[in-house]
Amino acid sequence: MSRHAGARLGLALLLTAGIAPVAARAQAAPGQGTAPSAAARLDKVASFAHQVTGVTVARDGRIFVNFPRWSEDAPVSVAEVKDGKPVPYPDAGWNSWRNARQDEVDPKTHFVCVQSVVADAQDRLWVVDAAAPAMGAVVKDGPKLVGIDLKTNQVIKTIPFDATTVLQASYINDVRISPDGRTAYLTDSGAEGALIVVDLDSGAAKRVLSGHASTMPDRSVTVTYDGQPLRRPDGRGVNFSADGIALSPDGKTLYWQAIKGKTLYSLPTDALTGWATASVVPELLTDRTLAPKIVTVGENGPADGLLISRKDGRMYVTSPQDDAVKVRDLAHSGAGLTTLVQDKQLRWPDTFSEGPDGTIYVTTSHIQDSADYKPGAPISLPTELWAIRTGPAATGSTGAGPVR
C-alpha cells in the first residue's frame, strides 16, 4: 500500500469510528525558544463519564486508567480500556470500595482513592492508592502501592504505608519505577510535600525532603485559568505540593516539581537508594545530606504531569493554565520549553504515558471544571484521554469510541 493510500485509509477509519482528528498547534511558548520541527497531532482516544487522572500503556499496548474519588464516589478506581469501555482491573472485587460502605470494606485489600497507575519494564502494573477521598482525611490502613502481574492479572504485592511515611494530611500522587524494577519513587502533593522512596523487594519505604522548599508550593506562584486566578468558592487557590515526577530512561536522575510552583528540580538516584540493604543505615536520606545534591533544572511554570520519553529523551510537561503540552530538551543545559501542542480541548492536561511505538498519551482531568472550583458543576465530570503524535507518520487514530 502506498503512503498516500495508507493516509486515506487512516482518515477513513477515523471518520468511520466517529472520531475527528484535532489539528493541534505546535508553536513556541513566548520567550521560550523555537517550536519543534515536527508537527504535532492530537487524537482523542476515549471519552470518560468520570474524572480521570492517571494513564499508563503497557509494553504490549494495553491501556490502563484510573479514577480518583474526588467529587464523587467513583464506580471504578482502576480500569483497563477494552473496546472503548473501562473494565474494572484486576477485577471487580478490588474496585468494590464505596465511601458509604467504608465500615464494611477492608481498605487493605480494596482501592480507596487511586491517583495514578504506572506499568513497568517487568510487566507489572503499580497502583498508587492515596486513600484520601475528596483529598480529605487519609483512611486508616488505606495508603498503599499495589503491584499487579500483567501476564496473570493477579495482585502480586501490596506495600502498605505507615503513618510516618504517609501523613494524615498527605496525598500521595504519582510514581516512577526504576528500570530494574527494584525501586519506586513517589511524590506527596499534600499539606507537607515530600518524596517517598520504596524498596520494592522488601517493601521498606522512606519519606525524604518532607517540607523542603523543593517539594512545597511556591508562595510567589498563582495558578491561573482563562487569565484569572483559579480559586475555590471560599477563595482558596490551587495549593498542591510536589506532584509531577519523571525518571531518566537510564534510571539515574529523578525530576519533580510542585503544581503551585515553577521550578523543576532533580536528584541523582544513587543519593536515594542503597539504604534498604545496608546493615547500618547511615544518614543518607536527611535534608542535610540530600539538599546539596538537588539541582535546579529550570523553570516550567505551573505543571502537573512530567514524562521523559524513551524514544527521544525529551521531557514532556503539562501546562494546565495554557491548555498545552510543552517539551524540554534535557540534552542542552539551560534550554527552555517549547510548546508542542496547545488546544482548548486540553482542559487540565494531567498525566502522561508513552506507548510502545513512542506515542505520547495524556489525560485531561478538567480540574478547573470540577465542583471544587466551579459551583454547580456536575459531580460526575466528563474527561478524556488523548494521543499526541509527531512527525510525518502521524496518521490514523489510536482511538475507540466514547467510554461510558
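Up top you'll find the structure we're talking about.
Structural notes, computed from the coordinates. Predicted model only: the values in this text are computed from it and were never measured. (Residues numbered from 1 in each chain as written. Predicted model: local features only at pLDDT ≥ 70, side-chain atom pairs only at ≥ 80, totals over all residues. Heavy atoms only, no water.)

## Things to note about the sheet that holds strand 3 (residues 55-57)
Across the sheet, four strands lie side by side as 3-4-5-6; this open sheet has antiparallel pairing. The open sheet is flanked by strand 3 and strand 6 (85-88), the only strands paired with a single partner. Pairs of neighbouring strands in the sheet enclose a mean axial angle of 35 degrees, with direction left out of account. Where strand 3 lies against strand 4 (residues 63-66), three bridges are found, and the strand directions are antiparallel. Residue pairing for strand 4: valine 55 is matched across the bridge by valine 65. (Pairing = 2+ DSSP bridges. Helix = DSSP H or I, 4+ residues; strand = E, 2+ residues; numbered from the N terminus. Axes fitted to C-alpha atoms, helices over the stretch in contact; angles between N-to-C directions.)

## Side note on the pattern of salt bridges
In total, this model carries 22 salt bridges according to the counting rule given. Between lysine 326 and aspartate 322 there is a salt bridge, with its nearest N and O atoms 2.9 Å apart. By relative accessible area, which is 8% here, lysine 326 ends up buried. Among the residues examined, aspartate 322 registers a relative accessible area of 26% and is labelled partly exposed. Of the charged contacts in the structure, one is a salt bridge between aspartate 369 and arginine 347, with a shortest N-O distance of 2.7 Å. Placement of aspartate 369 in the loop between strand 26 (360-364) and strand 27 (383-390) and of arginine 347 in the loop between strand 24 (337-342) and strand 25 (349-354) is noted, with a sequence separation of 22 residues between them. Linked through salt bridges whose partners overlap, the residues forming this network are Arg41, Asp43 and Arg389. (Salt bridge = Lys/Arg side-chain N within 4 Å of Asp/Glu carboxyl O. Buried < 20%, exposed > 50% of the residue type's maximum accessible area, 1.4 Å probe, protein only.)

## Notes on the side chain of threonine 56
Positionally, threonine 56 belongs in strand 3. With residues up to four places along the chain from it excluded, the contact list for threonine 56 reads Arg62, Ile63, Phe64, Val117, Val118, Ala119, Leu125 and Ser353. (Contact = heavy atoms within 4.5 Å.)

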